[in-house]
Amino acid sequence: QERLVESGGGLVQAGGSLRLSCAASERTFSSYVLAWFRQAPGKEREFVAAINWRGGTRYYTDSVKGRFTISRDNANTVYLQMNSLEPEDTGVYSCAASVNYGGNWPPTSAYNYWGQGTQVTVSS
């Protein structure tokens, strides 16, 4: 059974930084893709960033390129370093895992496990 638990959200002023963490309970990630999604009030959930656990390759949505960095360590934790935050970055950030996806990058429907989310609020 896979569990994902996010932490690190909070309130920050525009231009500031936050680092989100997502801890996974399982120890084998050779076939996993880990990703961050976010959802603002009244809006659809959107993809933010993903990392291939085995190879370490990364993919970002255009709006966060150059500002956000996704990374992982060897303790089954994925991070999202968020710099130069903007009010538009406000939302609930959720970690997700896709297991044994056969392609390059999974669609949203291929993510098998989801955390409950952590709130990020950026004030102007």
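Scroll up for the structure.
Just so it is clear, the model here is predicted, and its values are computed rather than measured.

Novice: Pulling in residues and values, what's your account of the overall build of the chain?
Specialist: Helix and strand content of the chain: zero helices and eleven strands. Counting helices and strands in the order they occur from the N terminus, the chain gives β-β-β-β-β-β-β-β-β-β-β. Over its C-alpha trace the chain gives a radius of gyration of 14 Å, about what one expects of a compact globule, namely 14 Å for 124 residues. Reported as C-alpha extents along the three principal axes, the dimensions of the chain are approximately 40 × 25 × 25 Å. For the chain, with 124 residues in total, the buried portion stands at 44%. If you take every contact in the chain between residues at least 6 apart in sequence, the share linking residues at least 24 apart comes to 57%.

Novice: Describe the packing of aromatic side chains, naming the residues involved and giving the relevant values.
Specialist: This model, assessed by the stated rule, comprises six aromatic pairs. Considering the side-chain rings of Phe37 and Phe47, the 5.6 Å spacing of their centres and the 80 degrees angle between planes classify their relative orientation as edge-to-face. Of this pair, Phe37 sits in strand β4 (residues 32-39) while Phe47 sits in strand β5 (residues 46-52), placing them ten residues apart in sequence. Ring geometry for Phe37 versus Trp114: centroids 4.8 Å apart, planes at 50 degrees, classification tilted. Of this pair, Phe37 sits in strand β4 while Trp114 sits in strand β10 (residues 113-114); the two residues are 77 residues apart in sequence, bridging distant segments of the chain. A relative accessible area of 2% places Phe37 in the buried class.

Novice: Explain the pattern of salt bridges residue by residue, including any values.
Specialist: For the coordinates displayed, the defined rule picks out five salt bridges. Between Glu46 and Arg38 there is a salt bridge, and its shortest N-O distance comes to 2.6 Å. When the shortest N-O distance is used, the salt bridge between Arg38 and Asp89 registers 2.9 Å. Here the residue Arg38 occupies a position in strand β4, and Asp89 occupies one in the loop between β8 (77-82) and β9 (91-99), the gap between them amounting to 51 residues. Pair check on accessibility: Arg38 and Asp89 agree, each one buried. A cluster of three or more residues bridged by salt bridges with shared partners is formed by Arg38, Glu46, Arg67, Glu86 and Asp89.

Novice: Provide a residue-level description of the nonpolar core, including the pertinent values.
Specialist: Leu34, Trp36, Val78, Leu80, Met82 and Tyr93 are the most contacted members of the largest nonpolar core, which totals 26 residues. Secondary structure elements with two or more residues in this core: β3 (18-24), β4, β5, β7 (68-72), β8, β9 and β11 (118-123). With four residues, β3 is the single largest residue contributor to this core. Core analysis: the next-biggest nonpolar cluster, separate from the first, contains six residues, Val33, Ala50, Ala96 and Tyr111 among them.

Novice: Which residues make up the sheet that holds β8, and what values do they have?
Specialist: Taken together, the four strands give an open sheet; going across it, the order is β1-β3-β8-β7, and neighbouring strands pair in antiparallel fashion. Unpaired on one side and paired on the other, β1 (4-7) and β7 mark the two borders of the sheet. Averaged over all adjacent pairs, the angle separating strand axes in this sheet is 15 degrees, with direction ignored. Bridge analysis of β1 against β3 gives four bridges, and the strand direction is antiparallel. In the strand pairing of β3, Ser7 is matched with Ser21.

The rules we used
Residues numbered from 1 in each chain as written. Predicted model: local features only at pLDDT ≥ 70, side-chain atom pairs only at ≥ 80, totals over all residues. Heavy atoms only, no water. Helix = DSSP H or I, 4+ residues; strand = E, 2+ residues; numbered from the N terminus. Rg over C-alpha atoms; globule rule 2.2 N^0.38 Å. Buried < 20%, exposed > 50% of the residue type's maximum accessible area, 1.4 Å probe, protein only. Contact = heavy atoms within 4.5 Å. Phe/Tyr/Trp six-rings, centres within 6.5 Å; stacked < 30°, edge-to-face > 60°. Salt bridge = Lys/Arg side-chain N within 4 Å of Asp/Glu carboxyl O. Core = buried A, V, L, I, M, F, W, Y, C linked by side-chain atoms within 4.5 Å. Pairing = 2+ DSSP bridges. Axes fitted to C-alpha atoms, helices over the stretch in contact; angles between N-to-C directions.

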